[in-house]
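Per-entry structural report
The primary structure of each chain is shown beneath.
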Amino acid sequence: MDRIDPSFEIDGIGRVICKNHTKYLQFIDPDKDYFQDLYMEKKLTCLECGHYEIDNCYFSKSRIDTIEQQREKRKRYRCRTCGKKIDRMLSIIYKLFCKEFYDIEIPLICCECYEKIEAKEFKRYSKLKLDVFLLNIVACIYLLGLYFYFIVVLNLPLIVYLAILLPVSIALILLTLYIVYLSAKRIRYALKGLKYYKKYFQDQEKKKV
Ligand SMILES: [Zn+2]
Ligand SMILES: [Zn+2]
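Because the structure is a prediction, the values reported are computed rather than measured.

Binding of the zinc ion (ligand 2) to the protein goes through Cys79 (SG), Cys82 (SG), Cys110 (SG) and Cys113 (SG), at separations of 2.3 Å. The coordination sphere of the zinc ion (ligand 2) comprises 4 donor atoms, whose angles at the metal cover 105 to 114°; the geometry is tetrahedral. When the donor residues of the zinc ion (ligand 2) are listed from N- to C-terminus, their spacing reads C-x2-C-x27-C-x2-C. Judged by relative accessible area, cysteine 110 falls into the buried class, the value being 6%. For cysteine 113, a relative accessible area of 3% gives the class buried.

What follows covers helix α8 (residues 158–200). When the terminal C-alpha atoms of α8 are compared, their 60 Å separation across 43 residues agrees well with the 63 Å that a helix rising 1.5 Å per residue should span. The sharpest bend along α8 reaches about 45° and sits at leucine 165, with the proline proline 167 one to four residues further on. Restricting attention to buried positions, one finds in α8 the residues Leu165, Ser169, Thr176, Ser183, Ile187, Ala190, Gly193, Leu194, Tyr196 and Tyr197.

Phe59, Leu90 and Ile93 are the most contacted members of the largest nonpolar core, which totals 40 residues. Every element with two or more residues in this core is listed here: β2 (16–18), α1 (24–28), α4 (61–72), α5 (89–102), α6 (111–118), α7 (122–154) and α8. Here this core gets 6 residues from one element, more than from any other, and that element is α5. Residue assignment places this core across two domains, with domain 1 (8–115) and domain 2 (120–208) each supplying three or more. If we skip the residues at most four places from it in the chain, isoleucine 93 touches Phe8, Cys46, Phe59, Ile64 and Ile67.

Criteria and thresholds
- Residues numbered from 1 in each chain as written.
- Chains lettered and ligands numbered in written order.
- Predicted model: local features only at pLDDT ≥ 70, side-chain atom pairs only at ≥ 80, totals over all residues.
- Heavy atoms only, no water.
- Donors = N, O, S within 2.8 Å, 3.2 Å for Na, K, Ca; no water.
- Tetrahedral: all angles 85-135°; square planar, octahedral: opposite > 155°, others 65-115°.
- Buried < 20%, exposed > 50% of the residue type's maximum accessible area, 1.4 Å probe, protein only.
- Helix = DSSP H or I, 4+ residues; strand = E, 2+ residues; numbered from the N terminus.
- Expected span 1.5 Å × (residues − 1).
- Bend = angle between axes of the 7 residues up to and from the residue.
- Core = buried A, V, L, I, M, F, W, Y, C linked by side-chain atoms within 4.5 Å.
- Domains from an automatic or database assignment.
- Contact = heavy atoms within 4.5 Å.

Below, the structure written as structure tokens:
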């Protein structure tokens with residue numbers, strides 16, 4: 001049985017398509033409406049390919065399964081600019097293929113970020129995200145402070161403090177810590193993404209202008 005090497009093209013909206021996928025003709029049919037396009041996007045994976053079925057692709061069946069698992073769990077493959085899951089598995093296959101065949105590094109980027117970068121809105125969008133998460137943290141801490149201010153000012157009987165306000169306070173502190181932690185994590189990703197963007201895409205953008 002002959003081994004099939006994948007061969008790739010990128011369509012107008014940045015989707016990686018394998019020309020040797022057994023459903024290739026469906027993928028490039030130009031007369032698709034919106035819903036057919038969504039349906040096609042679901043099929044745009046090696047799992048739908050006949051070569052995966054009979055296991056004669058350069059990417060073996062077991063390797064594709066492993067890649068899919070790691071993609072689902074966001075273990076090894078995640079968007080370099082926002083940290084989110086990569087929805088289109090062929091983007092990962094394409095990246096691995098370029099590295100193994102041509103020793104070229106292709107940045108792994110989710111479809112959302114790709115669209116933002118193409119529209120030259122990535123930087124503005126990332127900065128907006130940073131502001132929102134920072135505001136989140138500030139608002140949480142402010143509200144917690146306000147809460148403590150009021151329970152001190154109200155000067156209630158000790159029993160109320162111990163029976164009701166102590167557990168509520170602990171819960172609120174934990175909730176605040178959790179939200180701050182999540183926001184800080186998102187901020188870290190956004191900063192890392194911006195750094196990555198500046199390194200790999202900014203110059204390209206300038207060249208295009
Ligand atoms: Zn394939
Ligand atoms: Zn992304």
